[in-house]
Amino acid sequence: MGASSNSDAGGEGEASGHIFLSYSREERGQALQVISLLEGNGIKVWWDGLLEGGENYLPTTEAALENATCVVVLWSKISVDSHWVRDEAQSGRERRCLVPISIDGTQAPLGFRQFQTIDASCWKGKPGTVEADQIIAAVRAQFGATPSQAPSRGVATPPFMLSRRTLVMGGAGLACAAALSVFGFNALQQSAGDLISLAVTPFENLSGDPEQVWFSGGLSNELRAALARNPRLRVSAPTSSAGGDADADDQFDLGRKLGVANLLRGSVQLADGIVRVSAELVQVEDGVIRWAESFDRQFEDVLAIQSEIASIVARSLVAQIAGAEEINASLAKQKGVGGTDNVAAYEAYLRGHSLYDLSSGEASDRAALAQFDAAIAADPGFAAAYAMRSKMLAAIANATSQASEIRQLYDDAISAAQQAIDIAPDLAEAHLAKGFALNNGRLDRKAAKPHYDRARELAPGDADAQRSVATFLAYGSEQAAAQEIIAKVLELDPLNARAFRSAGYIALLSRRYGDVIAHIEQALRLNPELASAFYALGSAHYLRGANQQALDSFRKENVPLFALTGEALVQKKLGDEDAAQLVLDNILEAYGAASLYQQAQIQSQWGNTAQAMELLNRAVAAEDSGLLFLPNDPMLDPIREAPGFSRLQSKFAA
């Protein structure tokens, strides 16, 4: 709790004003050292030790705080967790009269780091030391002292800051942000061309409840999605940005690895229906905080917080390279498409997305589906929830062992995606969901393609969306476009193992085996357990004639059907026909009709054209999703001249 006096300091040489001292009561001894130093230099100090017995401390403290010329806050491991200290420091920050002092080396919490903190961790309370001089100079600077009286190590005036009160004013606050940003952000670096690069790291969950990570992670993901819609911003994808959930040094290292100029990071605390969100925009090169703010709202206002942060950050960054007209246009694009104003629906959606991100199997997929259904029940016009419902239905269809469910699941997925499109025709996620369900569930590439094309147009900065588009195109006849898109994905998402795996498969389908090996090896460096990665690597080695390397890779594959398929190919190539047949027998016993496409690959490579074609026709009748590979699968090259193959190829090469 804190400190400041309502009476002006008197006497010659005393500062005309008073300060409020904010500290944690457990550190009263160190607070008294600061009080003694300041009062010994003619500066009046109000602190909670001045309260009389029986006095109503709350209004007295508030009056002292509001009338203080300067707020001195003592940061420590204890005080950074004190709501009282944070609230008192907030007052000083909003009035730009804050002098922060770290008494144990603890960094100021998020939202307060744009003020240079005086390090008094080694100070013993003696006057005349470097630390003492810094404290006196910084405080006197707040009383109107000349620059010569205040050394540069004192309080740094932030280049740009909006108060919470200004933000609450809505449109007027944002207009102020636009005006100030022209001056405050002109030093921010931009990436190649006219795009400004940015990564949004996962917001820290300060609620004390690990189960609430759905909210902090969801908020940062929604901010990232909103900013990615701005055509002037290059926003790193969520998977790569998720590496920023460590300490500040690791976050800056992450920023350099991602090749971005700026980081948006923050923290979230949710308790008793109150949300506190702190956010700051930091320049990667030198750590300069260009904007920081805290928001305390009822949970019902969380959507407004998200909108404010995204709008201010985008407006501030885009102001470097664009005029007011373009800024307003870009903000219009930034606004959520297919979103909701219903907080209950939004909460269920974030919970569902957290389960989707977990992706631990069919159980978590079904739990996520239940949350998206709850979001739709709360807001039947929530298009994004319909899109995610479609995505989860398709995921369950891919994973379920109940063959009787699959057709209905895909039908429901197509229906949910169409509902999303009907509500929000410009929602990229809805088009991707419908395209996937049509392509994988009905093997209808011709019907799926317009949706992938539309998603490509609507979400140029969304790495995951573009990765899906690139993979779809690689299965068909647009190999060059697929390669162009996946190259951009790797730029946006350079720490995502799945992105490199997709790049590897795209290279495999265009028979660039050296690129397959390079991409898949990078994917495995990022995630050694990545499913189907070793199959792609083994296939590239096999098709280059490196049979032992291929066998070693296939045996590391953690999708059993893929591992067995690869081993059957290599054993035959190595001349061990008995071993090869034994592996094929194992496939037939374990997977039967669920492995028709893989059996066709094996028979093709073994030179049994008639058997391979029979298996492919059976796969068509069974709607085996492996047929998506057929147009460009190098494993089927030996039978491409067989009667009937061109008819099959035309069916799947749209």
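Residues numbered from 1 in each chain as written. Predicted model: local features only at pLDDT ≥ 70, side-chain atom pairs only at ≥ 80, totals over all residues. Heavy atoms only, no water.

**Here's the deal with the overall build of the chain**
Of the regular secondary structure elements, the chain holds 28 helices and eleven strands. Counting every position in the chain, which comprises 654 residues, the buried fraction comes to 53%. Taking all contacts inside the chain whose residues are at least 6 apart in sequence as the whole, residues at least 24 apart take part in 62%. Summing over all exposed atoms, the chain offers an accessible surface of approximately 26,900 Å²; the carbon and sulfur share of this is 50%. (Helix = DSSP H or I, 4+ residues; strand = E, 2+ residues; numbered from the N terminus. Buried < 20%, exposed > 50% of the residue type's maximum accessible area, 1.4 Å probe, protein only. Contact = heavy atoms within 4.5 Å. Areas by Shrake-Rupley, 256 points an atom, 1.4 Å probe, with all protein chains shown as cover.)

**Observations concerning the pattern of salt bridges**
Counted by the stated rule, this structure contains 19 salt bridges. Between Asp411 and Arg442 there is a salt bridge, with the nearest N and O atoms lying 3.0 Å from each other. Within this pair, whereas Asp411 is found in helix α15 (residues 403-423), its partner Arg442 is found in helix α16 (residues 428-442), the two being separated by 31 residues in sequence. Relative accessible area serves as the criterion here: at 24%, Asp411 is assigned to the partly exposed category. Take Arg442: its relative accessible area is 36%, and that puts it in the partly exposed class. The partner of Asp515 in a salt bridge is Arg512, with the nearest N and O atoms 2.5 Å apart. Residue classification places Asp515 among the partly exposed residues on the basis of a relative accessible area of 35%. Given the relative accessible area of 25%, Arg512 is considered partly exposed. (Salt bridge = Lys/Arg side-chain N within 4 Å of Asp/Glu carboxyl O.)

**Regarding the confidence of the model for the chain**
Segments scoring low in pLDDT should not have their predicted coordinates read at a detailed level. Per-residue confidence for the chain gives a mean pLDDT of 80, with 80% of residues at or over 70. When the elements of the chain are averaged for pLDDT, helix α5 (residues 164-168) gives the smallest value, 28, and helix α22 (residues 533-543) the largest, 97. Note that pLDDT drops below 50 for residues 145-193; the model gives that stretch 104 contacts with residues more than four away or on any other chain. (pLDDT = per-residue confidence, 0-100.)

**Concerning the nonpolar core**
Ranked by internal contacts, the top residues of the largest apolar core, which has 136 residues, are Leu264, Val277, Trp291, Ile309, Tyr349, Leu616 and Leu630. The biggest single contributor to this core is helix α14 (residues 383-399), with eleven residues. (Core = buried A, V, L, I, M, F, W, Y, C linked by side-chain atoms within 4.5 Å.)

**Some thoughts on unusual backbone geometry**
Positive phi is not limited to glycine here, since Arg511 has a value of about 65 degrees. Tracing the chain through its elements places Arg511 in the loop between α20 (497-509) and α21 (513-526). Look at Ser532: it is not a glycine, yet its phi comes out positive at around 70 degrees. Positionally, Ser532 belongs in the loop between α21 and α22.

**Observations concerning helix α17 (residues 445-458)**
Between its first and last C-alpha atoms α17 spans 20 Å; for 14 residues at 1.5 Å apiece the expected length is 20 Å, and the two agree. Residues of α17 that are buried: Arg445, Ala448, Lys449, His451, Tyr452 and Ala455. (Expected span 1.5 Å × (residues − 1).)

**Here's the deal with α20**
With 13 residues, α20 extends 19 Å between its outermost C-alpha atoms, agreeing within 8% with the 18 Å of an ideal straight helix rising 1.5 Å per residue. Counting buried residues along α20, twelve of its 13 residues qualify, which places the element largely inside the surrounding structure. The elements touched by buried residues of α20 are α18 (463-475), α19 (479-492), α21 and α22. Sitting at the amino-terminal end of α20 is Asn496, which places a side-chain oxygen 2.9 Å from the backbone nitrogen of Arg498. Where α20 terminates, the next one or two residues include Arg511, which has phi positive at roughly 65 degrees. (Polar contact = N/O pair within 3.5 Å; in protein donor to acceptor, adjacent residues only side chain to side chain.)

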